[in-house]
Amino acid sequence: MESIQLTINGKQLAGHRGQTILEVAGENNIDIPHLCYHPRISKTGACRICLVRVNGTMLKTACTEPVIADMDVVTEDAEISQIRTGLLEMLLSEGCHNCLYCEWNGECELQRLCQKYDVQEPSGVFKNRERTVDTESSNGLRRNENRCILCGRCVKACGEIQMQGVWNFTGRGSSTTLTSDMFAKLGDSSCVMCGTCVQLCPTGALSFQTVLGRGQAWDLKKETSVCIYCGVGCQIDFYTNKEGQLVKAIGNENGPNEGHLCVKGRFGFDFVQSDKRLTKPLIKKNGKFEEASWDEALDLVSSKLTEIKSKSGPDSIMAFSSAKCTNEENYLMQKFMRAVIGTNNVDHCARL
Amino acid sequence: MLILRDLEVQSGKNMLDIQTLRGVAEEMNIPESDVAGFVGFYTMFNTKPRAKFLIRVCKSGPCHVMGSTTIFDAIQKHLGIGIGEGTKDGMFFLEKCECLGVCSVAPAMMINYDIHGNLTPKRIVSILNSYKKKKPSLMEDCGKEVEGKTCVINEPRQTKRLLENIGVVDPLRIDSYIGKGGYESLKKSLAMDPSKIIDTVKDSGLRGRGGAGFPAGMKWSFVGKGPVQKYVICNADEGEPGTFKDRILMEENPHLLIEGMAICGFAIDASLGYIYVRGEYRRSIERLQVAIDQARKKGILGKNILGSKFSFDVIIKEGGGAYVCGEETSLINSMEGKRGYPRFKPPFPGGAGFNNLPSNVNNVETLMSVPLIIEKGAGWYKSVGQPNCSGTKLYCLSGKLNRTGMVELPMGATLKEIINVYGKGLPKGRKFKFAQVGGSAGGILGKDLMDLPLDIDQPMKQGVTLGSGVVLVCDEGTCSVDFLLQILSFFEHESCGQCVPCRVGTAHLHHLARKFASRTAVPGDIDLMVEKATVMKKASLCALGQSPIMPITTMLKYFRKEFLQHCDPKHKCPQCDRSLSRYYAGGGH
Ligand SMILES: Cc1cc2nc3c(=O)[nH]c(=O)nc-3n(C[C@H](O)[C@H](O)[C@H](O)COP(=O)(O)O)c2cc1C
Ligand code: SF4
Ligand code: SF4
Ligand code: SF4
C-alpha cells in the first residue's frame, strides 16, 4: 500500500492511501472527538464534531477526509474548540439530558465531550421537541429518544451489521426522528434483539433492560469471556457490579465476532446467577427428586451405565455434551465414551 | 417516487396509509423502515388522510411579499379552514408550502398538481368552485398565467440566446425544433473529438447556472474515465424561492435540453442521462416526456443516435418536494430512492455519483447553453458578459415591480437596469427598500448597490450570491424582520436534518426570528443569531446550512435598527402580526 507522509499537530506521521485523517490519528493515539463515526459502520460525516484544520485554512471532517501527501493537520485550536462547543450546545438543547436518570451515565460519549468542552446547561430559550420514549414494549431494549443525537449509528448498526433494517430516520430537518419498522413500537417490530444498536449508540437513547438499577457505570468490573452458546466463539465483555451481579454483555471487538453478538450472547446470561440453578446432584426417588451427595450420584450413574452396556451393548448409549462446559471437559466426555463405554455415539450442541 | 405518487392520487384522500406502505415494502423487498424514512422525508407524501383536493399555498419570499397571507384569509373565509385543516366534506385540505416556481405571477398556489398564479381573494373563490366539479387526475391543469412563455418579459430588446426560440418553437413538435436548426449541434458534435467539445466548452467560459458557478468544461473534464457506465444528470429541481427560469426553458423548449445532454453525454462518454425534475413541475415533466418519446422515434435518442456509434437515452426522475434535493449529491441519493441527504465530499459526483459511478451534474440553463456554444463557437459565447463570467444570464424578476418575469441579459446586469428598464420600476407611489438577490440562500442588496454588476463573482464581495438569478424587489412596505422570518422558516423546513449545525441551527434561527416578529426578543438575540449562523457556516455539511448567514448579515447591515425596534413589546408591526397569526396559528412552523 502506498505510504503517505503527513503532519498532525506538528508530528510527522505515516498513513496510507485510502485512510482518513481520523484513522491515521487513531493509530497514533491522537484523539479527535467524534460522535457519528464508528469503525464498524460506513462513514456518515454528519455530527461535524471531528472538524480539523487542514493546511492552516480549511476545516474538514477528519472522519471523511482522505489523507494526502504533505497534508498539515491541526486537531484543535481556538476556533475549532468554539465550533465544537457550539455544536455540543446545540445537541444538548435539542434533546432532554439529565444524566441523573440515565442508564448510560458515566459511559455516554456526549457526556464526556460536554465535560471536556465545559458546555453549560442550555439556557432554556430553545425548547426541545418531545420524542418517543418506549422503555417497555421490548424485553431487551429501551428507547428514550429525547436523549438521541440523531447520529445514525443505530440505523447503520442494524442495517449494515445485523442486516435487519429495523431503524431508520423519518421526518426531516428539525423534526427528524427515528422509526423502528413503519412507526411500530420496538417490541412489535422486526427487531431480533441482537443489541448491536445499543452497543453502538453513543448516548443513553438506547439501552438494555438489564442495566437499570444495577450499579453505576464506574463501579462495574469488566471480564472478557467466550460465549457459551455456539461454535462461533464470540468474545464477550461481561460487566458485574459491586455485588457481583452480572449487568450486561458487550461484544468484544477483538474477538472473531468483532464486537457483534446475537440475542443469546447478549441477554442469555441470567441463568448464571439464577436461584433455580442446580447446585447439588438430585436423584429421583419414589417419583420425586431428592438431594444427594456427589459420591451417591456418581455411583448410581456408573452402575446404571454398566448395566445398560452389558445388557444392550455399548451402542445403546449416547452422550450429548454442552457448550456451557469447557473444551477440556468436552474432550474428556468423548474420551470417556470411546474408551470406557466403547461407542462413537457422541455429539455436542455447538455442532448446530 | 412515481409509485407512491400514483398510490396517493388513487387514495382519493391524498394520503398513503400504513397498510399500503407495508405492501410497498414487501413488494420491493426492502425494510419497512426504509419506506417510512422515504415517505417521511418528502413533503408531498403524508400518512394521514387529507382530502380529495390538496391546496398548497406558497409562502416563500416572492409570494409572501405579494400578499400570500391574504390568500390564506380568503380561503379561510370561503372554506372555513386554516393551515393543516380540511373541509368536513373531504373536498379540500389546506397546507402552506414553499416556492412553486411561478414567482412572476405571485401569489400562487397548487391544487393537487395544478398551479394557479396571480391570485386575488376574488379569483380564489372562482378557482375553488371550479374544483368542486372536478375529479383528481395525474395530469396537470394549470392556470394560463403560469404558462412558460407568458412568464417571459419580451420588451425591450435583450440578448436573447436561450430565449431566442421561446414562443417560436412548438414544444410539443420535434419537427418544429428541427426546422429551427435543432439537433444540428448534436450532429456537429458527433463528428468532433470528445476532448475538443470539452475544450470548446472550457474556452467559452461557461459557468454553472445552478448557483455555485463552477466552470462547466472543467467539471466535464473531471468525470471519471475508463470502461464503466457514466451518467449525465440534469438538475431541474429548481427549488430556490424566486426562481422559475428552468421551468420556462423545459416547458417551452424541451428539445434544447435533450440536445445539450446528448452533447455532454458524448463528450464525457456517458450513454445515459437523467433529468431530475421537481415533482411540482407536472407540465415540464409531461412536455419533456413527449420530447423524449419523439426524439427516440426519430433516432435522436436510443441506440446509435443519428446513425453514429454513440448511444444515448434520457430518463426522467421526479422529486417529491424537498429543496435540498437540488444539492447535487442529495439529488443523487434521491434518484437512488433514498432520503435526500447530501453526501460528504470527496468523493465528488464526477468520481462516484449515481450508483457510485462517474456522474456529471449540471443545471438546466447550463446544459441548454451547450448546443449554442457548439453551434456558434466559444468566441461568440464570450462576446457578451464579464471577463470571468461570460455569456448571458436568465434573471427572474419578482416582487413589487410594474412588470415581473424572466429576462435574458449579458452576465453582470445591474439592479438599476433590471428594475428600471425591464421591471419598469416600482408601482406608483411605492419606494424601493431592498432587493433579495439569489433567493433564500442569497442576500439583501440596498440602494447603495444599485450599480453592482450581478455576475457570479462581484456580488460575493458584498456577502451576496447571484445564485440562480433571483431578483426579488421589496418596497418600503416590507418589514425586514417579517421578511427574514420567512427566509428562516424556509431553512428550517428545508434542512435535511442530517448534520447537527444545520438541523439544530435552522430551528434556533427560526425561533429567534419569531422572537423578533412577536416583539419578545432582546437586543442580544441579534448577536446570538449571528453566532449560530456562523457556526452553521463553518461546520455545515452542505451549502444549505452554510447559507443563512448571508441573508442575516446583509439584512442586519441595512436594517439593524428595525430589529432593535422589534425588541420593544410596544412596537407596532402589522406585517409581523399577520404572519404570526396566519402561518403559525395551526401549530407547525
Ligand atoms: C440546498 C441547495 C439547493 C440547490 N438547488 C439547486 C437547484 O434547484 N438547481 C440547480 O441546478 N442547482 C441547485 N443547487 C446547486 C447544485 O448543487 C449544483 O451545484 C448544480 O446543480 C451544478 O450545476 P451547474 O454547475 O450547472 O450549476 C443547489 C445547491 C444547494 C446546496
Ligand atoms: S437489537 Fe439488533 S435487530 Fe434489534 S434493532 Fe438493534 S441492531 Fe436491529
Ligand atoms: S439512538 Fe443512539 S445511535 Fe441511534 S441515532 Fe440516537 S444517539 Fe445515535
Ligand atoms: S447542511 Fe443542512 S441540508 Fe446540508 S447536510 Fe447538513 S442538515 Fe442537511
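Residues numbered from 1 in each chain as written. Chains lettered and ligands numbered in written order. Predicted model: local features only at pLDDT ≥ 70, side-chain atom pairs only at ≥ 80, totals over all residues. Heavy atoms only, no water.

Engineer: How should I be thinking about the overall build of chain B in this particular structure?
Structural biologist: Along the backbone of chain B there are 23 helices and 17 strands. By principal-axis analysis of the C-alpha atoms, chain B measures approximately 75 × 60 × 45 Å. Here the contacts in chain B between residues at least 6 apart in sequence split such that 72% fall between residues at least 24 apart. Accessible surface, chain B: about 20,700 Å² in total, of which carbon and sulfur atoms supply 54%. Across chain B, 76 positive and 60 negative side-chain charges occur, with their mean positions spaced 3 Å apart. (Helix = DSSP H or I, 4+ residues; strand = E, 2+ residues; numbered from the N terminus. Contact = heavy atoms within 4.5 Å. Areas by Shrake-Rupley, 256 points an atom, 1.4 Å probe, with all protein chains shown as cover. Lys, Arg positive; Asp, Glu negative; His and termini not counted. Charge placed at Lys NZ, Arg CZ, Asp CG, Glu CD.)

Engineer: Can you help me understand the overall build of chain A in this one?
Structural biologist: A count of helical and extended segments in chain A gives eight helices and 17 strands. When the backbone C-alpha atoms are referred to their principal axes, chain A occupies close to 90 × 50 × 40 Å. Counting the 352 residues in chain A, one finds 47% classified as buried. Sequence-distant contacts in chain A: of pairs separated by 6 or more residues, those separated by 24 or more amount to 56%. If you sum the accessible surface of chain A, you get close to 18,400 Å²; carbon and sulfur atoms cover 51% of it. Each charge sign in chain A was given a centre, from 40 positive and 42 negative side chains, and these centres are 4 Å apart. (Buried < 20%, exposed > 50% of the residue type's maximum accessible area, 1.4 Å probe, protein only.)

Engineer: Hey, could you run me through the nonpolar core in this one?
Structural biologist: In globular proteins that are soluble, nonpolar side chains generally tend to be buried together. Residue and element names in this part refer to chain B. Counting residues in each nonpolar core, the largest one holds 146 residues, and the members touching the most others are Ile-55 and Ile-75. With residues up to four places along the chain from it excluded, the contact list for Ile-55 reads Ile-75, Leu-79, Phe-92, Phe-93, Leu-94, Glu-95, Met-109, Met-110, Ile-111 and Leu-128. If you look at the next biggest cluster of nonpolar residues, it comprises 64 residues, including Ile-166, Leu-186, Val-201 and Met-250. (Core = buried A, V, L, I, M, F, W, Y, C linked by side-chain atoms within 4.5 Å.)

Engineer: Looking at this model, I keep getting lost on the sheet that holds strand β13 (residues 246-251) of chain A. Mind explaining?
Structural biologist: Sheets are built from strands paired through backbone hydrogen bonds, the pairs being either parallel or antiparallel. Residue and element names in this part refer to chain A. Taken in spatial order, the three strands of this open sheet run β11-β12-β13, and their pairing is antiparallel. What marks the edges here is a single partner per strand, and that holds for β11 (221-226) and β13. On average, adjacent strands in this sheet sit at an angle of 30° to one another, irrespective of strand direction. Relative to strand β12 (residues 235-240), β11 is paired through six bridges, and the arrangement is antiparallel. When the bridges of β12 are listed, Lys-221 appears paired with Thr-240. (Pairing = 2+ DSSP bridges. Axes fitted to C-alpha atoms, helices over the stretch in contact; angles between N-to-C directions.)

Engineer: Quick question: what am I supposed to make of the sheet that holds strand β17 (residues 470-475) of chain B here?
Structural biologist: Residue and element names in this part refer to chain B. Pairing is mixed across the open sheet formed by five strands, whose spatial order is β12-β11-β17-β14-β15. The sheet is open, and its two edges are formed by β12 (405-410) and β15 (443-445), each paired on a single side. Averaged over all adjacent pairs, the angle separating strand axes in this sheet is 30°, with direction ignored. With four bridges joining them, strand β11 (residues 392-399) and β17 adopt parallel strand pairing. Bridging across to β17, Cys-396 finds its partner in Val-470.

Engineer: I'm lost on the domain arrangement of chain A in this one. Help?
Structural biologist: Many structure descriptions define interface size as the accessible area lost when the parts assemble. Residue and element names in this part refer to chain A. What the domain assignment lists for chain A is domain 1 (3-76), domain 2 (133-273), domain 3 (278-312) and domain 4 (314-352). One C-alpha centre belongs to domain 3, the other to domain 4, and the line joining them spans 18 Å. Opposite the four residues of domain 3 that make contact, domain 4 presents six residues. Where domain 3 abuts domain 4, roughly 450 Å² becomes buried across the two surfaces, and 68% of that area is made up of carbon and sulfur atoms. If you look at where domain 3 meets domain 4, you find zero salt bridges. Between the two partners, domain 3 and domain 4, sit two residue pairs in polar contact (both at pLDDT 80 or more). Its residues assigned to classes, the side of domain 3 that touches domain 4 comprises two nonpolar, one polar and one charged. (Domains from an automatic or database assignment. Buried area = accessible area lost by both parts, 1.4 Å probe. Salt bridge = Lys/Arg side-chain N within 4 Å of Asp/Glu carboxyl O. Polar contact = N/O pair within 3.5 Å; in protein donor to acceptor, adjacent residues only side chain to side chain. Nonpolar A, V, L, I, M, F, W, Y, C, P; charged D, E, K, R; others polar.)

Engineer: When you look at the interface of chain B and chain A in this model, what are you seeing that I'm missing?
Structural biologist: If you look at the interface, chain B gives 49 residues, while chain A gives 39 residues. At the boundary of chain B with chain A, total buried surface from both sides reaches about 3,400 Å², with 61% on carbon and sulfur atoms. Sorting the residues of chain B by area buried against chain A places Phe-344, Arg-503 and Lys-538 of chain B first, and these three jointly supply 18% of that buried surface. There are four salt bridges connecting chain B and chain A. Along the contact surface separating chain B from chain A lie 24 residue pairs in polar contact (both at pLDDT 80 or more). Of all the secondary structure elements, the ones that give two or more residues to the side of chain B that touches chain A are α2 (18-28), α3 (32-41), α18 (480-494), α19 (500-517) and α20 (524-539) of chain B. Here the side of chain B that touches chain A gets ten residues from one element, more than from any other, and that element is α19 of chain B. Residues of the side of chain B that touches chain A, tallied by class, amount to 23 nonpolar, 15 polar and eleven charged.

Engineer: Can you help me understand the site of ligand 4 in this one?
Structural biologist: Looking at ligand 4, there are 13 residues lining it, with Cys-496, Cys-499, Cys-502, Cys-542 and Gly-545 of chain B nearest. Broken down by class, the residue content of the shell around ligand 4 amounts to eight nonpolar, five polar and no charged. (Near = heavy atom within 4 Å.)

Engineer: Please clarify how the site of ligand 1 should be interpreted in this entry.
Structural biologist: All names here are of chain B. Around ligand 1, the structure places 18 residues, and the nearest of them are Gly-210, Asn-235, Asn-362, Asn-363 and Thr-366. Here an oxygen atom of ligand 1 and a backbone polar atom of Glu-328 are 3.0 Å apart. Note that an oxygen atom of ligand 1 is positioned 2.7 Å from one of the side-chain N or O atoms of Thr-366. For ligand 1, whose unbound accessible area comes to 610 Å², protein coverage reaches 90%. Where the shell around ligand 1 is concerned, the elements lending two or more residues are β8 (359-363) and α21 (543-546). Residues of the shell around ligand 1, tallied by class, amount to four nonpolar, eight polar and six charged.

Engineer: It is not clear to me how the packing of α18 of chain B against α19 of chain B should be interpreted in this structure. Could you clarify?
Structural biologist: Two quantities define a packed helix pair, namely the angle between the axes and the distance from one axis to the other. Residues and elements named next belong to chain B. Where α18 meets α19, the axes come as close as 8 Å, and the angle between the chain directions of the two elements is 155°. In terms of axis orientation, α18 runs roughly antiparallel to α19. In the packing of α18 onto α19, the handedness of the crossing is left-handed. Facing Val-481, Leu-485, Leu-488, Ser-489, Phe-491 and Glu-492 of α18, the residues of α19 in contact are Thr-506, Ala-507, Leu-509, His-510, Ala-513, Arg-514, Phe-516 and Ala-517. (Parallel < 35°, antiparallel > 145°, perpendicular 65-115°, else oblique. Left-handed = near helix turned anticlockwise from the far one by under 90°.)

Engineer: Just checking my understanding: could you explain the packing of aromatic side chains for this structure?
Structural biologist: Describing an aromatic ring pair means giving the distance of the ring centres and the angle of the ring planes. Residues and elements named next belong to chain B. Counted according to the given criterion, the structure contains 23 aromatic pairs over all chains. Seen in terms of ring centroids, Phe-490 and Phe-491 are 5.6 Å apart; in terms of plane orientation they differ by 65°. Their pairing is edge-to-face. No difference in accessibility class separates Phe-490 from Phe-491, as the two residues are buried. Ring centres of Tyr-558 and Phe-559 lie 5.9 Å apart, and the angle between their planes is 45°; on these two criteria the pair is classed as tilted. For Tyr-558, a relative accessible area of 23% corresponds to the partly exposed category. In this structure an aromatic cluster arises from ring pairing among Phe-38, Phe-41, Tyr-42 and Tyr-341. Between the NZ or CZ atom of Lys-96 and the centre of the ring of Tyr-584, over which it lies, the distance is 5.5 Å. (Phe/Tyr/Trp six-rings, centres within 6.5 Å; stacked < 30°, edge-to-face > 60°. Lys NZ or Arg CZ within 6 Å of the ring centre and 35° of its normal.)

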